[in-house]
Amino acid sequence: MATDEEPGMSERMLVETRDLVKVYRAGKVEAPALRGVSLEVRAGEFAAIVGPSGSGKTTLLNLIGALDVATQGSVRVFDRDLGALSKRERADLRLHELGFVFQAYNLVPVLTACENVEFVLELRGVGAERRDRALAVLDELGLAEFADRRPNELSGGQQQRVAVARAVASRPRLVLADEPSANLDGENAEALLRMMRMLNQEHEITFLFATHDARVVRHARRVITLDDGRVAGDEVRTPGRAGASDDRIGDW
Ligand code: ADP
Ligand code: MG
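Criteria and cut-off values
Residues numbered from 1 in each chain as written. Chains lettered and ligands numbered in written order. Predicted model: local features only at pLDDT ≥ 70, side-chain atom pairs only at ≥ 80, totals over all residues. Pairing = 2+ DSSP bridges. Helix = DSSP H or I, 4+ residues; strand = E, 2+ residues; numbered from the N terminus. Buried ≥ 20, exposed ≤ 12 C-beta atoms within 10 Å, placed from the backbone. Contact = placed C-beta atoms within 7 Å. Axes fitted to C-alpha atoms, helices over the stretch in contact; angles between N-to-C directions. Parallel < 35°, antiparallel > 145°, perpendicular 65-115°, else oblique. Left-handed = near helix turned anticlockwise from the far one by under 90°. Nonpolar A, V, L, I, M, F, W, Y, C, P; charged D, E, K, R; others polar.

1. Points about the sheet that holds strand E4 (residues 72-77)
Read from one edge of the open sheet, 4 strands run E2-E1-E4-E5, paired in antiparallel fashion. Strands at the two margins of the open sheet, each flanked by one partner only, are strand E2 (29-42) and strand E5 (80-81). Pairing between E4 and E5: 2 bridges, direction antiparallel. Residue Arg 76 lies in a different strand from E5, and its bridge partner there is Asp 81.

Laid out in structure tokens, this is it:
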């Protein structure tokens with residue numbers, strides 16, 4: 001998996017939200033989930049969104065990932081205003097330019113690990129070489145031995161690492177991960193985060209992940225704290241501060 005990015009890419013803005021508001025409506029009941037979130041994410045970042053349950057982490061990721069639309073404010077991703085895109089254009093953006101990792105892995109149960117990766121490549125129009133590419137990605141991520149196993153023949157940690165392989169197989173610039181380690185034990189959470197960080201460093205894939213897992217937060221190079229739909233903190237960590245020995249996980 002070679003990176004296509006040119007040097008200098010690290011200063012490029014990938015995500016920019018301005019006064020982002022999301023209000024869920026159920027009948028006459030309104031639930032404000034985001035109350036004006038402005039933030040920027042640049043290429044190369046490895047950033048965690050933290051905050052208590054209900055603070056708006058999933059809502060924010062869903063808006064950035066073009067899975068949902070804002071009530072007010074704007075989201076720009078790769079310099080495109082998501083509010084101006086059609087449903088079809090948002091689907092194309094998700095398919096071709098973003099990678100997603102969810103808490104529940106979401107692998108297709110009847111497909112092997114390799115076929116799960118191939119399937120996404122097929123949707124993206126990759127031709128005959130997709131099997132080789134899928135195998136190459138699994139191999140690079142240390143998952144070659146699982147290529148022919150179905151999800152129910154893999155542990156949770158293995159499934160989630162396959163899900164990351166699937167998310168990055170088509171070399172998206174940005175991967176959004178919502179509580180990726182929530183169902184994993186400590187060792188598997190560590191392995192997952194090491195893999196994500198390797199992809200971040202070696203392939204310049206930007207990661208934005210929601211978590212309330214202190215083990216995961218330790219790996220982040222930037223920690224954005226949400227509280228009741230607002231940004232309550234935004235801390236960039238200098239190298240050496242974010243190592244495994246760093247127990248500081250913010251104020252939340
Ligand atoms: P987090 O991921 O930080 O736990 P969420 O973004 O899921 O937070 O939720 C933020 C707020 O929005 C919560 O109060 C939650 O109850 C509410 N919410 C989330 N999704 C919906 C929905 N589909 N309909 C109504 N309310 C929702
Ligand atoms: Mg959530």
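There is more to say, and it comes next.
2. What to know about helix H3 (residues 113-123)
Listed in full, the buried residues belonging to H3 are Ala 113, Cys 114, Asn 116, Val 117, Glu 118 and Val 120. Of the surrounding secondary structure, the elements contacted by the buried residues of H3 are helix H4 (130-140) and helix H5 (156-168). Phi for Gly 125, located one or two positions after H3, is positive at around 85 degrees.

3. Overview of the pairing of strand E10 (residues 230-236)
Here strand E9 (residues 222-227) runs beside E10; their pairing, made up of 6 bridges, is antiparallel. Across the sheet, residue Leu 226 finds its bridge partner in E10, namely Val 231.

4. Points about the environment of Val 223
Inspection of the secondary structure assignment puts Val 223 in strand E9. A tally of 23 C-beta atoms within 10 Å means that Val 223 is categorised as buried. C-alpha of Val 223 to C-alpha of Asp 68: the two residues are 155 residues apart in sequence and 23 Å apart in space.

5. Focus on the packing of H5 against helix H6 (residues 186-203)
Two quantities define a packed helix pair, namely the angle between the helix axes and the distance between the axes. Here H5 crosses H6 at 15 degrees, and the two axes come no closer than 9 Å. Between H5 and H6, the angle is such that the two are roughly parallel. Seen along the crossing, H5 lies across H6 with a hand that is right-handed. Across the interface between the two elements, Gly 156, Gly 157, Gln 160, Arg 161, Val 164 and Val 168 from H5 touch Asn 188, Ala 191, Leu 192, Met 195, Met 196 and Leu 199 from H6. Residue composition of the contact of H5 with H6, grouped by class: 7 nonpolar, 4 polar and 1 charged.

6. Let's talk about the pairing of strand E8 (residues 206-210)
In terms of residue burial, E8 counts as a mostly covered element, since 5 of its 5 residues are buried. The alternating pattern of E8 places Thr 206, Leu 208 and Ala 210 and Phe 207 and Phe 209 on opposite faces, both of which are buried. Of the pairings in the sheet, the one linking strand E3 (residues 46-50) to E8 comprises 4 bridges and is parallel in character. In the sheet register, Phe 46 faces E8, and the bridge partner there is Phe 207. Two elements, strand E7 (residues 174-178) and E8, share 5 bridges in a ladder whose sense is parallel. When the sheet's bridge partners are listed, Asp 178 is paired in E8 with Ala 210.

7. A look at unusual backbone geometry
Of note, Glu 179 is a non-glycine position whose phi angle comes to about 50 degrees, a positive value. Note that Glu 179 resides in the loop between E7 and H6. Unusually for a residue other than glycine, Asp 228 sits at a positive phi of about 50 degrees. Relative to the assigned elements, Asp 228 resides in the loop between E9 and E10.

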